[in-house]
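Structural overview
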Amino acid sequence: MDFKDQIKQLSERVTKLKENIGTEEATKTAFIMPFIQALGYDVFDPTEVVPEFTCDLGIKKGEKIDYAIYKDGQPIILIECKNWKECLDGHNGQLYRYYQVSNAKFGLLTNGIIYRFYTDLVEPNKLDNKPFFEINMEDLRETHIEKLKEFHKSYFDLDKILNTASELKYTNEIRNAIAKEIANPSDEFVKYFAKPVYTGRFYDDIFCQFREIVKQAFKQYMTDYVNERLKSAISPDVSIPSETPATSTVESSPCECSEADKIVTTEEEMQGFYIVRAILYNKVDDINRVMHRDTQSYFGILLDDNNRKPICRLHFNRSNKYIETFDAEKKGTKHLLTSLQDIYQYADIIRTTIDIYDA
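In this report, we go over the structure that sits alongside the text. Keep in mind it's a predicted model, so treat the numbers as computed, not measured. Note on numbering: residues in each chain are counted from 1, in written sequence order. Totals for whole chains, interfaces and linings use every residue, but because this is a predicted model, local features are given only for residues with pLDDT of at least 70 and side-chain atom pairs only at 80 or more, for both listing and counting. The basis for every side-chain value is the complete set of heavy atoms in the structure, and neither hydrogens nor water enter the calculation.

1. Remarks on the sheet that holds strand E4 (residues 106-110)
In short, DSSP must find at least two bridges between two strands for them to pair. Strands are runs of DSSP state E lasting at least two residues, helices are runs of H or I lasting at least four, and both sets are numbered from the N terminus onward. Read across the open sheet, the six strands follow the order E1-E2-E3-E4-E5-E6; overall the sheet is mixed. Either end of the sheet is taken by a strand with one partner, and the two such strands are strand E1 (49-54) and strand E6 (133-136). Shown here is a sheet whose adjacent strand axes are inclined to one another by a mean of 25 degrees, direction ignored. One ladder, built from four bridges, connects strand E5 (residues 114-118) with E6; its direction is antiparallel. Bridging from a neighbouring strand, tyrosine 115 pairs with isoleucine 135 of E6. Here an angle of 0 to 180 degrees is reported between the N-to-C directions of two axes, which are lines fitted to C-alpha atoms, with helices fitted over the stretch in contact.

Here it is in structure tokens:
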């Protein structure tokens, strides 16, 4: 099992077991130790992972931090642990003090779900107040997994991590600031975008009006941007197959032609198709194997253009939209969609369907 699969498996474990975990020690055993193990360090080898690592603070002797990860005989990461139910905000003080008396270059504060990585970007030998990298095991992102991989024992390169840490820190902070403004735009943010299109004075009621307009404009922009990216990355370079078998030599009757004319492939259906292709991009050996056939009642997405290999069906012909997924017995289950992006919620099921056909 590769690193990405290990982290995703641990993510599933966290979601499944967390309600059964009641203490900090149980959090360490169930979540944090497997996380350290996934990074390639042997939690049972005291030359690699030292529990209750001693950090003498001036006249205070025997002060301990939960774990220290060693590499080449030197501590590289100090780890402070909390119960999974605890919010990590305000808990980095102890890690901050221990960092000053250690040779470790990184500090890690975690509750087994959130992992916050710190270093000394602002002032040498003093841990920064803000992490330069954070990963949430219940909200994994591919880019975060790739960044986390740099801390794996096999890939650990101190200079490489430090070279990107500063950029990563400020990129994340700016990204969070943008997300905050989009969710609840400040007056300055609203005025910046409204001023070029509105020449009047900005009274309170005008701010309220344009605040909602700015929020909606950004939502529309992000939706359009995602759709365009999917189209350009995974273009539909195959033609839409006809429902009539290609080998048929029977001339279609006027009735049959009129039935075919009733099939209209919508832009939303094609966008849904692109999303499914994106989900399966690294799953199938050739993305052109993922094809589509439209019918009057549903938009079918197939593997190998084979009706016996349905990947999923999009039911977009009514006011409520559904995606229908299939199990090993090809039994379909419909799931309500509030937006096209909801298709990503069923990515694991869609990928599993491919495993069934390619087994």
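There is more to say, and it comes next.
2. Some points on helix H1 (residues 3-17)
Taking 1.5 Å per residue as the helical rise, H1 with its 15 residues ought to reach 21 Å, and the 21 Å between its terminal C-alpha atoms agrees with that figure. Looking only at H1, the buried set comprises Phe3, Ile7, Leu10, Ser11 and Val14. Across the axial projection of H1, the buried residues extend over an arc of 105 degrees, all falling on one side. Exposed side chains of H1 directed beyond 90 degrees from the buried face belong to Glu12 and Lys16. Looking at the packing, one finds that the buried side of H1 touches helix H2 (24-38) and helix H4 (142-149). To estimate the expected span of a helix, subtract one from its residue number and multiply by 1.5 Å. A 1.4 Å probe rolled over the protein chains alone gives each residue an accessible area, and that area as a share of the maximum for its type sets the label: buried under 20%, exposed over 50%, partly exposed in between. Arc definition: directions from the helix axis to the C-beta atoms. Only heavy atoms matter for contacts: two residues are in contact if any of them lie within 4.5 Å across the pair.

3. A closer look at the nonpolar core
Residue types Ala, Val, Leu, Ile, Met, Phe, Trp, Tyr and Cys, when buried and joined through side-chain atoms within 4.5 Å, form a set referred to as a nonpolar core. Among the nonpolar cores identified, the biggest contains 51 residues, and Ile36, Leu148 and Phe151 are the most heavily contacted of them. At six residues, the largest contribution of residues to this core is made by H2. With residues up to four places along the chain from it excluded, the contact list for phenylalanine 151 reads Leu39, Tyr41, Ile77, Phe106, Phe117, Phe132, Phe133, Phe156 and Ile161. With 26 residues, the next largest nonpolar core counts Leu314, Ile323, Leu340 and Tyr357 among its residues.

4. Observations concerning the pattern of salt bridges
Salt bridge, as applied in this entry: a Lys or Arg side-chain nitrogen positioned within 4 Å of an Asp or Glu carboxyl oxygen. Scanning the model with the defined rule gives 25 salt bridges in all. The salt bridge partner of aspartate 187 is arginine 211, with a shortest N-O separation of 2.3 Å. Here the residue aspartate 187 occupies a position in helix H6 (residues 187-194), and arginine 211 occupies one in helix H7 (residues 204-233), the gap between them amounting to 24 residues. On the basis of relative accessibility, which here comes to 17%, the residue arginine 211 falls in the buried class. For arginine 351, the salt bridge is made with aspartate 348, and the minimal N-O distance between the two is 3.3 Å. Here aspartate 348 and arginine 351 lie together in helix H10 (residues 347-357), a separation of three residues that amounts to about one turn. For aspartate 348, a relative accessible area of 51% translates into the label exposed.

5. Re the packing of aromatic side chains
When the centres of two rings from Phe, Tyr and Trp lie within 6.5 Å, Trp using its six-membered ring, the rings pair. Their planes under 30 degrees apart give stacked, over 60 give edge-to-face, and anything left gives tilted. All chains considered together, the criterion is met by 18 aromatic pairs. A ring pair is formed by phenylalanine 117 and phenylalanine 133, whose centres lie 5.5 Å apart and whose planes are at 35 degrees; its orientation type is tilted. Of the two residues, phenylalanine 117 is situated in strand E5 and phenylalanine 133 in strand E6; the sequence distance between them amounts to 16 residues. Assigned by exposure class, phenylalanine 117 and phenylalanine 133 land together as buried. Arranged with centres 5.6 Å apart and planes meeting at 35 degrees, the rings of phenylalanine 189 and phenylalanine 218 form a pair that is tilted. Pair noted here: phenylalanine 189 is in helix H6 and phenylalanine 218 is in helix H7, with a separation of 29 residues, a long-range link. Across this residue pair, the class does not change: phenylalanine 189 and phenylalanine 218 are buried. Through pairs of rings, three or more aromatic residues link up here, namely Phe106, Phe117, Phe132, Phe133, Phe151 and Phe156. Over the ring of tyrosine 298 we find arginine 313, and its NZ or CZ is 4.1 Å from the ring centre. Only when the NZ of Lys or the CZ of Arg is both within 6 Å of the ring centre and within 35 degrees of the ring normal is a charge said to sit over the ring.

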